[in-house]
Structure formats: C-alpha cells, structure tokens
Amino acid sequence: MIPLPIKIPFVDLKIQHQPLETAINQAIQTVIQRGDFILGEALQSFEKAFAKACGVDYGVGVASGTDAITLGLKACGIGEGDEVLVPANTFIATIIGVTQSGATPILVDCDPKTALIDLNYAAKVLTPRTKAIVPVHLYGQMVSPRELLDFAQSHNIIIFEDAAQAHLAHRDGYLAGSVGIAAAFSFYPSKNLGAFGNGGMLITSNEEIARNVRTLRNYGAPSKYYHTQQGTNSRLDTLQAAILEVKLPHLEQWNQQRNQAAKYYDHLLQSLAEKGITPLENFSNVGHVYHLYVIQINEACCLTRESVQEYLKEQGIQSGIHYPIPCHLQPAYKALGYQLGDFPQAEKLCETILSLPMYPGLNMEQIELVVEQLSLIK
Ligand SMILES: *Cc1c(COP(=O)(O)O)cnc(C)c1O
C-alpha cells in the first residue's frame, strides 16, 4: 500500500530548530572544546536559567521527567508506606515516578471539562497515610493553584507538581512548578521545551530538597566517592543542557504561538458543537501553553472517534490520542486493584478524546484546513 502523503503533521520540530541551527551548533562545539560532558558548565547555567524562568530558586537537571518525579518525591521524604494522590488519566510516567519512589499511588478521577484532577474526588480518598498530591498540569493547563493550595493546607499534605507538559504555563498569578514544594519537568523532544534526546529537571525553592536530588542523581554521593544515599545515575547531559539553554529564550514566544493557534481552533470549532465535536475548556486564558490541543468526539457525532481519526488520516492530517487507556486499566498496574468503572470520567475521556496538530509554527491556513475537514463529516 502506498503511504498517504502527510499534509499537516501532528508536530513539526524542524520549524523551531532551523532558525537556531547556528547557535545550537556553536553551543555543542563549546561543550566539545571544554570536554565537561558530565555536570559541566552549561548544565549549571541552564539549571539556574530554567529555575529563574519558573520563579523558583533551584533547578537540578536529571536524565528524564520520570526520574525528576521519582528522585523529587524521594527527596521530599516520600516513600514506602506513604500514599500519593495522582490523576487516573495522565501519561503513565506520573504513576511510574510514584511507584519507583516506593510510595503507593491512589488514583483520582478528573473533571470532564478540563481533564484535570478532580479535587472533590481526591478529598474522598484521603487516608491518614496520604502524604502528597501530584497534580498533573495536563495538556499545558495548570490545575487551579488556589484550589490546590487550599486542598493541601486543609489536609496537611504536600504538593509535588508534574509539570512535564506545562513549561511556563501560568494561572491566577502562579507559574507552573512554583505552587508546590517541588515540581518535575521533562525535556523529551516533543515537550514545549525539548532536548535532542531525553532530559528532565526538578525545581524547588527548598534548599534541602535541591541538595537531596543533586546527591540522588549522582550515585548518592554529595562528594566524590563518598556515598550517603542509595542513589542512581541520572544526570542531565551537559550537551543537552547547552542545547536547551539556546532554546529557552524562545519558549515564551513558542507558547504564545501555541495559545494563539488554540484560540483560532476554539473559534472555528464553535460551529461544530452541534455536530458533537467540542474542545476541552480553557480556564487559564493565555496561561494555557497547549502542549496538546484536545477535542472530544461525543455521542452527538455521527462518527466514532476512531472513524474521525481515520478520516483525518485519509485527508493527510495526523492526530493522536492522549491517552487511549487510563492508568488504572493498564496491565502493569493490575496489582493496584482497580477495575473498569472505577473512574468513569477518565474512562469516558479516553474513549472520546482526539489531539489535533499543535506546534509553534502551525499556521492559520493549516488550522482552517483541519476544521474544514472536520466540518465535512456527515
Ligand atoms: C512526558 C511526561 C512525563 C515523563 O517525562 P519523560 O522525560 O518522558 O520521562 C511525565 N509526566 C507527564 C505528564 C508527561 O507528559
């Protein structure tokens, strides 16, 4: 079979890298000249720059977003015997981070309007062993900071943010990663700020937590060949940090482009509401950084979500599903003891959501074409 030509890709990273090619090559050459590939100068300067951009005091570069959650929770004193509240609909790495820390994830259903964790539900599954909540700023929209802070204070638990999809997102005057005691970011290539490989960062304004993660990521050694903790090898490469440092000054503008593209999608999609196609809601206006632009194909639509996706593919338009199976129904986490029906909102979302093309550089004509094709469904 001849593969269908792609007219509009789901993401296009070349658009953002081409103008930066010279600067990135130069940054890479500088690291090669210095030879400080592990814990080098560019890592330290990028850690400072990223923490500052997020409005906190410390950044600790690690090998991935998953490790930022694992090591971050450990550094906050979370581990075996502790329960941690997490959304049932998130990328599986959130759950992996919690279980790798030794703690038990307690899953929570979501708000169907935003797909974000439902704090009313969370209040019902608290126990004396609940030590933390890991809100996920899913798709680039922050969970309400005020509601989070009220919830955590009234139940005496800590907030550890999974901000892997929300670099520089903001809501009600708070930046993503600055609400809780600490936060995890991912620099997976397609994230809003992406490396040329894997990478992550733990950010915090708590000096002790920052120091703990620095030790944990470096074989548990606060100084060479002296090991105070059973750590691991999880450092952000100096080369990746050097590339990310070149990209960071452009992040705000890229996020603005994503937000504007989303506003245009929202506007054009209004006419498709009666056809059963509706976007998720944005309660943070320009603070939503749209890592993904997600629509729902609900009962009123004459086609199933699968058929809509297939139809778009035939028109050369790529789309995605984030995520098709909720965490509680993943075979790997069977032992948590959940079953179908436990989280109705998350389960329904998994069956109805579709992510449309979204990246900085996606232009108005392309958005018009996507919505036009959706409008032709009958
Ligand atoms: C990407 C992602 C992670 C994991 O980041 P990696 O760098 O891929 O390990 C964690 N949580 C969420 C919500 C993510 O989207």
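The shown structure was predicted, so the numbers you read here are calculated from the model rather than taken from an experiment.

Rules and cut-offs
- Residues numbered from 1 in each chain as written.
- Predicted model: local features only at pLDDT ≥ 70, side-chain atom pairs only at ≥ 80, totals over all residues.
- Heavy atoms only, no water.
- Helix = DSSP H or I, 4+ residues; strand = E, 2+ residues; numbered from the N terminus.
- Buried < 20%, exposed > 50% of the residue type's maximum accessible area, 1.4 Å probe, protein only.
- Contact = heavy atoms within 4.5 Å.
- Areas by Shrake-Rupley, 256 points an atom, 1.4 Å probe, with all protein chains shown as cover.
- Polar contact = N/O pair within 3.5 Å; in protein donor to acceptor, adjacent residues only side chain to side chain.
- Pairing = 2+ DSSP bridges.
- Axes fitted to C-alpha atoms, helices over the stretch in contact; angles between N-to-C directions.
- Near = heavy atom within 4 Å.
- Nonpolar A, V, L, I, M, F, W, Y, C, P; charged D, E, K, R; others polar.
- Patch = residues over 30% accessible without salt bridge, like charges linked within 9 Å, V, L, I, M, F, W, Y side chains within 5 Å.
- Salt bridge = Lys/Arg side-chain N within 4 Å of Asp/Glu carboxyl O.

Peer 1: With reference to specific residues and values, describe the overall build of the chain.
Peer 2: Looking only at helices and strands, the chain has 13 helices and 12 strands in total. Considered along the principal axes of its C-alpha atoms, the chain spans approximately 65 × 55 × 45 Å. When the 378 residues of the chain are sorted by exposure, 53% land in the buried category. Long-range pairs, those at least 24 residues apart, make up 70% of the contacts in the chain between residues at least 6 apart in sequence. With an accessible surface of roughly 16900 Å², the chain has 52% of that area assigned to carbon and sulfur atoms.

Peer 1: For the side chain of Asn89, give the residues involved together with the corresponding values.
Peer 2: Locating Asn89 in the fold gives a position in the loop between strand E2 (83-87) and helix H5 (93-101). Residue classification places Asn89 among the buried residues on the basis of a relative accessible area of 9%. Reaching out from Asn89, the side chain makes a polar contact with the backbone oxygen of Ala115 at a distance of 2.9 Å. Excluding its chain neighbours within four sequence positions, the residues that come into contact with Asn89 are Cys110, Ala115, Leu138, Ala346 and Leu349.

Peer 1: Could you give an account of the sheet that holds strand E10 (residues 277-279), with specific residues and numbers?
Peer 2: Here three strands make up an open sheet; going across it, the order is E10-E11-E12 and the pairing antiparallel. Looking at which strands have only one partner, the edges of the open sheet turn out to be E10 and strand E12 (353-356). On average, each strand axis in the sheet is tilted by 35° relative to the strand beside it, whichever way the strands run. Note: E10 against strand E11 (residues 293-297), three bridges, orientation antiparallel. For Ile277, the partnering residue across the bridge sits in E11 and is Ile297. Along the sheet face, helix H10 (residues 251-269) touches E10, E11 and E12 and points at about 20° away from the line of E11.

Peer 1: Let's hear about the environment of Ile295: which residues, and what values?
Peer 2: Summarising the element assignment, Ile295 is placed in strand E11. Residue Ile295 is classed as buried on the basis of its relative accessible area of 0%. When residues no more than four places from it in sequence are discounted, the contact partners of Ile295 are Leu269, Ile277, Thr278, Pro279, Thr352, Ile353, Leu354, Leu356 and Leu374.

Peer 1: Describe unusual backbone geometry, with residues and values.
Peer 2: Cis geometry marks the peptide bond from His322 to Tyr323; its omega dihedral reads 15°. When you line up the elements, Tyr323 lands in the loop between helix H11 (305-314) and helix H12 (344-352). Residues other than glycine seldom take positive phi values, yet Tyr139 does so here, at roughly 65°. For Tyr225, which is not glycine, the phi dihedral falls at a positive 60°. Judged by relative accessible area, Tyr225 falls into the exposed class, the value being 70%.

Peer 1: Tell me what's going on with the site of the ligand, and back it up with residues and numbers.
Peer 2: Inspection of the region around the ligand gives 14 residues, with Gly65, Thr66, Asp162, Ser186 and Lys191 positioned closest. Interatomic distance of 2.8 Å between a side-chain N/O atom of Gln165 and an oxygen atom of the ligand. With respect to the ligand, the side chain of Ser186 contributes an N or O atom lying 2.6 Å from an oxygen atom. Notes on the ligand: free accessible area 380 Å², of which the protein chains cover 93%. Broken down by class, the residue content of the shell around the ligand amounts to four nonpolar, eight polar and two charged.

Peer 1: Can you lay out the environment of His17 for me, pointing to particular residues and giving the numbers?
Peer 2: On the secondary structure map, His17 appears in helix H1 (residues 14-17). Take His17: its relative accessible area is 16%, and that puts it in the buried class. Considered as a pair, His17 and Phe185 are 168 residues apart in the sequence and their alpha carbons are 21 Å apart. Beyond its immediate sequence surroundings of up to four residues, His17 is in contact with Ile24, Phe196 and Lys247. Here Lys247 takes part through its side chain, which lies 2.8 Å from a polar atom of the side chain of His17.

Peer 1: So what's going on with a nonpolar patch on the surface? Which residues, and what values?
Peer 2: Taken together, Ile32, Phe37 and Ile38 make up a surface patch of nonpolar side chains, about 270 Å² in accessible area. Looking at the secondary structure, you find Ile32 in helix H2 (residues 21-34). Exposure remark for Ile32: the relative accessible area of 43% places this residue in the partly exposed category.

Peer 1: Go over the pairing of E11 with me, naming the residues and quoting the values.
Peer 2: When you tally the buried positions in E11, you get five out of five residues, the bulk of the element. Burial along E11 is two-sided: Tyr293, Ile295 and Ile297 facing one way and Val294 and Gln296 facing the other are all buried. As judged from the four bridges shared by E11 and E12, these two strands associate in the antiparallel manner. Across the sheet, the residue bridging to Tyr293 is Leu356, located in E12.

Peer 1: Give me the lowdown on the pattern of salt bridges, citing residues and values where you can.
Peer 2: One pass over the structure, following the stated rule, counts nine salt bridges. As a salt-bridge pair, Glu41 and Arg34 come within 2.9 Å of each other at their nearest N and O atoms. The class of Arg34 is partly exposed, set by a relative accessible area of 47%. Here Asp82 and Lys131 are joined by a salt bridge, their closest N and O atoms 3.1 Å apart. Of this pair, Asp82 sits in the loop between helix H4 (65-75) and E2 while Lys131 sits in strand E4 (residues 130-133), and the two are 49 residues apart along the sequence. Owing to a relative accessible area of 37%, Lys131 belongs among the partly exposed residues under this scheme.

Peer 1: So what's going on with helix H9 (residues 238-247)? Residues and values would help.
Peer 2: Along an α-helix, residues three or four apart share an orientation, since each turn contains 3.6 residues. The element H9 is extensively covered by neighbouring structure, given that eight of its 10 residues are classed as buried. All buried positions along H9 are accounted for by Thr238, Gln240, Ala241, Ala242, Ile243, Leu244, Val246 and Lys247. Residues of H9 that are buried make contact with H1, H2, helix H3 (41-53) and H10.

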